[in-house]
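# Understanding the architecture of this molecule
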Amino acid sequence: MLETFYNSFGFTGALVLAFLLFICFIFWMAGLAGISMKQESNKKKTIRLIIAVLLPIYPFFWMIWDMIIQKKDLRKV
(Lines give C-alpha, C1' and ligand atoms only; values in the text may rest on other atoms or scores of the structure.)
Protein backbone atom coordinates (compact mmCIF):
# COMPACT_ATOMS: atom_id res chain seq x y z
CA MET A 1 0.00 0.00 0.00
CA LEU A 2 2.79 2.45 0.83
CA GLU A 3 4.61 1.46 -2.35
CA THR A 4 1.52 2.23 -4.44
CA PHE A 5 1.10 5.54 -2.61
CA TYR A 6 4.75 6.41 -3.30
CA ASN A 7 4.58 5.28 -6.95
CA SER A 8 1.41 7.29 -7.58
CA PHE A 9 2.54 10.60 -6.09
CA GLY A 10 6.31 10.40 -6.02
CA PHE A 11 8.40 11.26 -3.00
CA THR A 12 7.48 14.95 -2.75
CA GLY A 13 3.80 14.41 -3.51
CA ALA A 14 3.49 11.57 -1.02
CA LEU A 15 5.27 13.61 1.65
CA VAL A 16 3.09 16.68 1.09
CA LEU A 17 -0.13 14.65 0.92
CA ALA A 18 0.71 12.70 4.07
CA PHE A 19 1.54 15.95 5.88
CA LEU A 20 -1.73 17.60 4.79
CA LEU A 21 -3.76 14.56 5.85
CA PHE A 22 -2.02 14.61 9.23
CA ILE A 23 -2.76 18.33 9.68
CA CYS A 24 -6.43 17.78 8.73
CA PHE A 25 -6.66 14.98 11.31
CA ILE A 26 -5.12 17.20 14.00
CA PHE A 27 -7.53 20.07 13.23
CA TRP A 28 -10.48 17.65 13.23
CA MET A 29 -9.49 16.35 16.67
CA ALA A 30 -8.97 19.92 17.94
CA GLY A 31 -12.44 20.85 16.71
CA LEU A 32 -13.96 17.85 18.45
CA ALA A 33 -12.16 18.77 21.68
CA GLY A 34 -13.35 22.38 21.43
CA ILE A 35 -16.95 21.36 20.79
CA SER A 36 -16.90 18.94 23.71
CA MET A 37 -15.54 21.62 26.08
CA LYS A 38 -18.28 24.17 25.29
CA GLN A 39 -20.52 25.18 28.19
CA GLU A 40 -23.82 24.00 26.72
CA SER A 41 -26.63 21.68 27.66
CA ASN A 42 -25.77 18.00 27.31
CA LYS A 43 -28.33 17.43 24.57
CA LYS A 44 -27.01 20.26 22.39
CA LYS A 45 -23.39 19.23 22.97
CA THR A 46 -24.17 15.60 22.10
CA ILE A 47 -25.89 16.60 18.86
CA ARG A 48 -22.93 18.80 17.87
CA LEU A 49 -20.45 16.01 18.63
CA ILE A 50 -22.42 13.50 16.55
CA ILE A 51 -22.56 15.95 13.64
CA ALA A 52 -18.81 16.63 14.01
CA VAL A 53 -17.95 12.93 13.93
CA LEU A 54 -20.25 12.10 11.01
CA LEU A 55 -19.46 15.27 9.05
CA PRO A 56 -15.71 15.87 9.50
CA ILE A 57 -15.76 19.29 7.82
CA TYR A 58 -18.02 20.71 10.58
CA PRO A 59 -15.23 21.06 13.22
CA PHE A 60 -13.14 23.10 10.75
CA PHE A 61 -15.94 25.59 10.21
CA TRP A 62 -16.74 25.58 13.93
CA MET A 63 -13.13 26.46 14.79
CA ILE A 64 -13.08 29.30 12.24
CA TRP A 65 -16.39 30.64 13.60
CA ASP A 66 -15.12 30.36 17.18
CA MET A 67 -11.94 32.29 16.28
CA ILE A 68 -14.04 35.06 14.70
CA ILE A 69 -16.18 35.31 17.84
CA GLN A 70 -13.09 35.41 20.07
CA LYS A 71 -11.56 38.16 17.93
CA LYS A 72 -14.75 40.24 18.27
CA ASP A 73 -14.73 39.69 22.05
CA LEU A 74 -11.11 40.78 22.29
CA ARG A 75 -11.81 43.96 20.35
CA LYS A 76 -14.56 44.88 22.83
CA VAL A 77 -12.13 44.82 25.74
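What you are looking at is a predicted structure, and each value in this text was computed from that prediction instead of being measured.

## Observations regarding the packing of helix α2 (residues 42-54) against helix α3 (residues 58-76)
- For the pair α2 and α3, the least separation of the axes is 7 Å and the interaxial angle reads 120°. What the angle tells us is that α2 and α3 run oblique. From α2, R48, I51 and A52 reach across to α3, where they touch Y58, P59 and W62.
- Split by residue class, the contact of α2 with α3 holds five nonpolar, no polar and one charged.

## Some thoughts on the environment of F61
- If you trace the backbone, F61 turns up in helix α3.
- For F61, a relative accessible area of 54% translates into the label exposed.
- Expressed as a C-alpha distance, the spacing of F61 and G31, which sit 30 residues apart in the sequence, is 8.8 Å.

## Structural notes on the confidence of the model for the protein chain
- Confidence along the protein chain averages 89 in pLDDT terms, with 100% of residues attaining 70 or more.
- Per-element mean pLDDT across the protein chain ranges from 88 in α2 up to 91 in α3.

## Brief notes about helix α1 (residues 2-37)
- End to end, α1 covers just 37 Å across 36 residues, shorter than the expected 52 Å (1.5 Å per residue, more than 12% under).
- At G10, α1 is bent by approximately 110°, the largest bend along its length.
- Where α1 is concerned, the buried positions are A14, W28, G31, L32, G34 and I35.
- For α1, the secondary structure elements touched by its buried residues are α2 and α3.

## Observations concerning the nonpolar core
- With six residues, the main nonpolar core is built from W28, L32, I35, A52, W62 and M63.
- Per-element accounting of this core gives the leading share, three residues, to α1.
- Once residues lying within four places of it in the same chain are set aside, the contact partners of M63 are F27, A30 and G31.

## With respect to a nonpolar patch on the surface
- Nonpolar side chains collect at one region of the surface, where I47, I51, L55, I57, F61, I64, W65, M67, I68 and I69 lie side by side and expose about 960 Å² of accessible area between them.
- The set of elements that each furnish at least two residues to the nonpolar patch consists of α2 and α3.
- In terms of residues, the nonpolar patch owes the most to one element, α3, which gives six residues.
- Tracing the chain through its elements places I68 in helix α3.
- Classification of I68 by relative accessible area gives partly exposed; the value is 38%.

Rules used in this analysis
- Residues numbered from 1 in each chain as written.
- Predicted model: local features only at pLDDT ≥ 70, side-chain atom pairs only at ≥ 80, totals over all residues.
- Heavy atoms only, no water.
- Axes fitted to C-alpha atoms, helices over the stretch in contact; angles between N-to-C directions.
- Helix = DSSP H or I, 4+ residues; strand = E, 2+ residues; numbered from the N terminus.
- Parallel < 35°, antiparallel > 145°, perpendicular 65-115°, else oblique.
- Contact = heavy atoms within 4.5 Å.
- Nonpolar A, V, L, I, M, F, W, Y, C, P; charged D, E, K, R; others polar.
- Buried < 20%, exposed > 50% of the residue type's maximum accessible area, 1.4 Å probe, protein only.
- pLDDT = per-residue confidence, 0-100.
- Expected span 1.5 Å × (residues − 1).
- Bend = angle between axes of the 7 residues up to and from the residue.
- Core = buried A, V, L, I, M, F, W, Y, C linked by side-chain atoms within 4.5 Å.
- Patch = residues over 30% accessible without salt bridge, like charges linked within 9 Å, V, L, I, M, F, W, Y side chains within 5 Å.
- Areas by Shrake-Rupley, 256 points an atom, 1.4 Å probe, with all protein chains shown as cover.
- Salt bridge = Lys/Arg side-chain N within 4 Å of Asp/Glu carboxyl O.

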